[in-house]
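Structure assessment
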Amino acid sequence: MRPRAPHRGDPLAPHQGDPAPHRGDPAPHRGDPLAPHRGDGPLLGGLRGARVPIPEVALLAVALVLVLVALALGPGAPSRWELVAAGFVLAVLGAAGRVLPRLQWPVPALLRGIEYGTILVLVGDSPWAYALLATLAFHHYDIVYRVRLLGIGPARWLERLAGGWPVRLAVLLAASALDVALPASSILTLLLAPAFVVESVATWVSVHRPAAAS
Amino acid sequence: VTTTVVLALTSTTGGDPACLEPGDQQPLLTRLVDGLRPHGQVLVVTWRPWASSLRSVLATHLDTADRDPGSVEVVAVDRRIDVLRWLESTPVLDRGAGVAFVHGHLVADDLALSRLVDAGAGGTGALVVGAAAQGAPVRVTRGRIVAAGSPYHAVRHPSAVVPHGLRIGPADLDALREWAGQLASLLEGGTPGAWRLEAARRATGPGAAGGEDADGDEDAGPAVDSTEDLVSLLLVAAVRSGRHLAAIPVPRGCVWILARGPLAAEAALAARRRVLVEHVRLDAAVKAEDGFFTTFFVSSYSRYWARWAARRGFTPNQVTTASMLLGAAAAAAFAVGSWGGMLLGAVLLQLAFTLDCVDGQLARYSRRFSAFGAWLDSIFDRGKEYLVLAGLAVGGVRAGDEQGLWLLAGAALALQVFRHTLDLGYAEQQIAEVAAGVAQPLEPVEDRDPSFWEPVATVATTTAAPADAPTTLARRAIGALRRAEAVRVLRWGKRIVVLPIGERFLLISVLAVVSTPRVVFLALLLWGGAATLYTFGGRLIRSVA
């Protein structure tokens, strides 16, 4: 069992006042320490390193701006779908973009912003949109803390099932084009929520001993 | 278990073992050994001429206390380098227990000692205290020691001091042998010239810490207490090897004093008698860096709840779960939609938040840490918050305020996830970048320049740091901001501005009662949005500056 200061408050703040958890050295993902937090799923691998001269972080920032504009336009505005679709394309292209060594840190947050924002635009003012966001938030936090505490990312089967943000957004964009975004989001929620919970529980059961200790 | 190596090598000005002071009372060494023995074997390393008197003192003490004499051994050496050679070859390191290093003339209370040698403490690390103490200067980033000094090694921008307390985890025992070997071969032909010069420069320079070469060890550099450098040399070797060394803070109010000579020993023992163990222990259970509301309005009483919970035998995970249930109850109360429901929800949410502080304090107080506990705490924290937002949305809709309310709730959730992920990303990249820069060769006296990712200490420490390189305008502006941070009010102001969890929960509770869910969401979005720009903007500027 790895000793670890349980932390309260903002989860990602440094844990001053207690021994820091031992992190394996050297960092498991040299070059991209944020790789396990991207949540790309299995599909973007082919694009990686395609060396588009534009930095990934810039593409993602523009994509997020497009999504936020679509969100600000409010329901009923004509070109919202096109805006988030353009944002989606830019975000996917981001994987082919250049990596700025000092600016890798905003990338996971930008990806979260693009995904959650697009869901809000497409599904809109409905408890189902919130339910889908909460489901994804559970998964994303689960992965963050698990990677930190155990060094264990999501299981392969879950990555395939959940598809990563590109697949989820593609599904929602297609459903929205067919005018079935709301049912699609509820199906997605009902499919993903149990999968995320089951996979997390299975992970903790497999490293069971710390749980039994306290 | 932890094996402790006690270096009983320091002499008083009179040439006697400092660890046998103060005269007619029980010597420092046996007190220290008593504190260490419950944690594992104790090995006392001393000069050969002192070995017999130390042995007899220890034997008499252990005999009268009717304890197993086998748990304490005395190792005799002739020269400083012999200690390193002994470390290289001793079978003690094969037993799989961690190894701690302290000095024989140390006066420490049990809480401080247990921070170093407690088996639960695990990995490799060193105790750290504020800048004013005696010891090796170090630079700490995110709880990791990233640069360390010795009498022969300089540190740029030191942020803390290691008061000669080092611990090597079981996983690093082979590495410890390597470090000892490396140091031994460097010191083989006497202290390297560059090291001697550095030590001499410090001894003659302004503000040099006095210390004499009292034991006539010819290996030592000039004017350096040759026996006190062993722990710091091992520390430097460990840090510069690139291994992870945790900075273990000595809890405030604890005593950790190296007492050289009879007067110092008396004073240190008196200080130790004055330590209010219970008070210090409770204080140490409270997180050092926390939000304003949490620190002044919650932790001030939640610590007593934590102590109560500890005495009743509750586990941190039970408290965490109770907090989540209270949070769910708060969400349900908010969902009713009436003013009474909002009031009940607000109270329940504050209760849930208090328990949220209690679980961490209980864990630190009772030293019950687990990865699962940390995960559960974090997930339930987030779960509570987002469940409460959903409850507020339901309540608002039921109260007739429908238009766009779920959208606002979703936006508030998304913004919070965005902020947390920004923080995570910065921390992860910072940790990885810093880790990549720690390793460097042992020979050079000079420290490398702290990288962009290592925030430089705001407070100047005793060791003079080399003057800064010429800076750009942006860097100078950042420097001014840093200096401003020394102002207490501004520091707390900055912590409130970023809307930490305590302030967020308070905002939700207050606005839910005096206003509507819609206003809660709008306030979270506006304040959270501004906080994002503040944090994100600052880091962005620093990243490209």
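Residues numbered from 1 in each chain as written. Chains lettered and ligands numbered in written order. Predicted model: local features only at pLDDT ≥ 70, side-chain atom pairs only at ≥ 80, totals over all residues. Heavy atoms only, no water.

Helix and strand counts for chain A come out as 8 helices and 2 strands. Sequence-ordered secondary structure for chain A, helices as α and strands as β, is β-α-α-β-α-α-α-α-α-α. Within chain A, the proportion of its 214 residues that are buried is 53%. When contacts within chain A are restricted to residue pairs at least 6 apart in sequence, long-range pairs at least 24 apart make up 78% of them. Accessible surface, chain A as shown: approximately 8800 Å² in total, 69% of it carbon and sulfur. (Helix = DSSP H or I, 4+ residues; strand = E, 2+ residues; numbered from the N terminus. Buried < 20%, exposed > 50% of the residue type's maximum accessible area, 1.4 Å probe, protein only. Contact = heavy atoms within 4.5 Å. Areas by Shrake-Rupley, 256 points an atom, 1.4 Å probe, with all protein chains shown as cover.)

The next point concerns the overall build of chain B. In terms of helices and strands, chain B carries 18 helices and 12 strands. Here chain B, with 545 residues, has 57% of them falling under the buried criterion. The long-range share in chain B, meaning contacts at least 24 apart out of those at least 6 apart in sequence, stands at 80%. For chain B, the accessible surface area stands at approximately 21100 Å², while carbon and sulfur atoms represent 60% of it.

On to the packing of helix H1 (residues 56-73) of chain A against helix H2 (residues 80-94) of chain A. Residues and elements named next belong to chain A. Running from amino to carboxyl end, H1 crosses H2 at an angle of 165°, the nearest separation of the two axes being 8 Å. Taken together, the axes of H1 and H2 lie roughly antiparallel to each other. Like other packed secondary-structure pairs, H1 and H2 cross with a definite hand, here left-handed. Along its contact with H1, which presents Glu56, Leu59, Leu60, Val62, Ala63, Leu66, Val67, Val69, Ala70, Leu71 and Leu73, the element H2 presents Arg80, Leu83, Val84, Ala86, Gly87, Leu90, Ala91, Leu93 and Gly94. Here the contact of H1 with H2 is composed, by residue class, of 16 nonpolar, 2 polar and 2 charged. (Axes fitted to C-alpha atoms, helices over the stretch in contact; angles between N-to-C directions. Parallel < 35°, antiparallel > 145°, perpendicular 65-115°, else oblique. Left-handed = near helix turned anticlockwise from the far one by under 90°. Nonpolar A, V, L, I, M, F, W, Y, C, P; charged D, E, K, R; others polar.)

On to the confidence of the model for chain A, then. When pLDDT is averaged along chain A, the result is 83, and 82% of the positions lie at 70 or above. For residues 210-214 of chain A, every residue scores under 50 in pLDDT, and the model assigns this stretch 10 contacts once sequence neighbours within four places are set aside. (pLDDT = per-residue confidence, 0-100.)

Another aspect to go through is the packing of helix H3 (residues 80-89) of chain B against helix H7 (residues 229-240) of chain B. Residues and elements named next belong to chain B. At their nearest, the axes of H3 and H7 sit 11 Å apart, and the two run at 45° to each other. The angle between H3 and H7 places the two elements in the oblique class. Between H3 and H7 the crossing geometry is right-handed. Here Arg80, Val83, Leu84 and Leu87 of H3 lie close against H7, whose contacting residues are Asp229, Leu230 and Leu234. Its residues assigned to classes, the contact of H3 with H7 shows 5 nonpolar, no polar and 2 charged.

Bringing the confidence of the model for chain B into the picture now. Residue and element names in this part refer to chain B. Per-residue confidence for chain B averages 85 on the pLDDT scale, and 88% of its residues sit at or above 70. Of all secondary-structure elements in chain B, the lowest mean pLDDT belongs to helix H15 (residues 473-485), at 63, while helix H11 (residues 316-336) reaches the highest, 97. With pTM at 0.85, the complex prediction returns an ipTM value of 0.87.

Residues and elements named next belong to chain B. Across the 6 residues that make up strand E2 (residues 42-47), a large majority, 6, are buried. You can see the chain leave strand E1 (residues 2-8), run along helix H1 (residues 28-36) and come back into E2, and the turn it takes is right-handed. Of the strand pairs in this sheet, E2 and strand E3 (residues 72-77) are connected by 6 bridges, and their pairing is parallel. Along E3, the bridge assignment pairs Thr46 with Ala76. (Right-handed = clockwise from strand over helix to strand, strands pointing away. Pairing = 2+ DSSP bridges.)

Here we come to the environment of Leu522(B). Structurally, Leu522(B) is set in helix H18 (residues 517-544). A sequence separation of 501 residues divides Leu522(B) from Glu21(B), and the C-alpha atoms of the two residues are 66 Å apart.

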